[in-house]
Amino acid sequence: MTDPFFAALRERRPDVDIVILPPADPPEPLPEATADELSRSAQVVDATVAAIAARLPEPTSDGPRWEPYNSENVRRWAQLEARTADGDAILAGLDQAFRDARWHSSVAVKAFHRWTASRADVQIVGTWSGRHDRLVVTVTGRVLRPTPTVREALV
């Protein structure tokens, strides 16, 4: 290895084997989503957003809407925001409610409070900063590949 980076690394860490792997194969394209799959995804995300919004004080929202995921795919997306000094209690309540509904859900407290919840078709990330009294919850649906005509109508 004549590369200066790897030479310096080898000198500092002679006990470490350096292996350069070939690039991974690109993922297989998703199958085309049916109109029913798109509709179900929208219903699930929209219902999740409504359930969360009902627990937030005076939420503002962006979405739900279809968001381009890459050149061929879309996903349902929404973001809710609220100003509150009780964000920690709200996230704890959401965590418990989603656990009771059998979602994978957890709250972590470090520099800010972070709530995550998921199931096969929806992912949620909520954060609250006590310093700013700002609670933000993002809900995303699964990635789908509509037909090109449908994609243009959605996005």
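Calculation rules
Residues numbered from 1 in each chain as written. Predicted model: local features only at pLDDT ≥ 70, side-chain atom pairs only at ≥ 80, totals over all residues. Heavy atoms only, no water. Pairing = 2+ DSSP bridges. Helix = DSSP H or I, 4+ residues; strand = E, 2+ residues; numbered from the N terminus. Axes fitted to C-alpha atoms, helices over the stretch in contact; angles between N-to-C directions. Contact = heavy atoms within 4.5 Å. Salt bridge = Lys/Arg side-chain N within 4 Å of Asp/Glu carboxyl O. Buried < 20%, exposed > 50% of the residue type's maximum accessible area, 1.4 Å probe, protein only. Phe/Tyr/Trp six-rings, centres within 6.5 Å; stacked < 30°, edge-to-face > 60°. Core = buried A, V, L, I, M, F, W, Y, C linked by side-chain atoms within 4.5 Å.

Participant: What is the right way to look at the sheet that holds strand 1 (residues 60–68) in this model?
Facilitator: Across a sheet, strands are paired by hydrogen bonds formed along the backbone, either parallel or antiparallel in direction. Across the sheet, 6 strands lie side by side as 1-2-6-5-4-3; this open sheet has antiparallel pairing. Sheet topology places strand 1 and strand 3 (104–109) at the edges, where each strand pairs with a single neighbour. Each neighbouring strand pair of the sheet contributes to a mean axis angle of 10°, computed without reference to strand direction. Where strand 1 meets strand 2 (residues 74–83), 7 bridges bridge the pair, whose relative direction is antiparallel. Considered in strand 2, the bridge of R65 is made with W77. Contacting strand 1, strand 2, strand 4 (113–119), strand 5 (122–129) and strand 6 (134–141), helix 2 (residues 35–53) crosses the sheet at an angle of about 10° to strand 2.

Participant: Got a minute to help me understand the pattern of salt bridges in this structure?
Facilitator: Opposite charge on two side chains permits them to pair, given that their charged atoms come into close proximity. If you walk through the whole model with that rule in mind, you get 8 salt bridges. The salt bridge partner of D62 is R65, with a shortest N-O separation of 3.4 Å. Looking at R65, the relative accessible area reads 33%, which means it is partly exposed. As a salt-bridge pair, R99 and D95 come within 3.1 Å of each other at their nearest N and O atoms. Remark: D95 and R99 occur in helix 3 (residues 87–100); sequence separation between them is 4 residues, near one turn of the helix.

Participant: What's the story with the packing of aromatic side chains in this structure? I'm lost.
Facilitator: Each aromatic ring pair is described using two quantities: the centre-to-centre distance and the angle formed by the ring planes. Scanning all chains against the criterion turns up 2 aromatic pairs. Aromatic side chains F98 and W103 sit 4.9 Å apart centroid to centroid with 80° between the ring planes, which places their arrangement in the edge-to-face category. Side by side, F98 and W103 carry an identical accessibility label, which is buried. Taken together, a centroid distance of 5.2 Å and an interplanar angle of 65° make the contact between F98 and W115 edge-to-face. Placement of F98 in helix 3 and of W115 in strand 4 is noted, with a sequence separation of 17 residues between them. The pair F98 / W115 is uniform in exposure class, with both members buried.

Participant: Would you mind going over the pairing of strand 2 with me for this structure?
Facilitator: Each regular strand carries side chains that alternate between the two faces of the sheet. Here strand 1 folds back onto strand 2, and the loop between the two strands holds 5 residues. Direction of pairing for strand 2 relative to strand 6: antiparallel, over a ladder of 7 bridges. Looking across to strand 6, one finds that E81 is bridged to V136.

Participant: Which parts of the structure should I look at to understand the nonpolar core?
Facilitator: Taken as a class, soluble globular proteins show a tendency for nonpolar side chains to be buried jointly. Ranked by size, the top nonpolar core spans 20 residues in total, and within it I52, F98, W115, I124 and V139 carry the most contacts. Mapped by element, the contributors of at least two residues to this core are helix 2, strand 2, helix 3, strand 4, strand 5 and strand 6. Per-element tally for this core: the top contributor is helix 3, with 4 residues. Membership of the second largest hydrophobic core comes to 6 residues, among which are A33, A42, V74 and L144.

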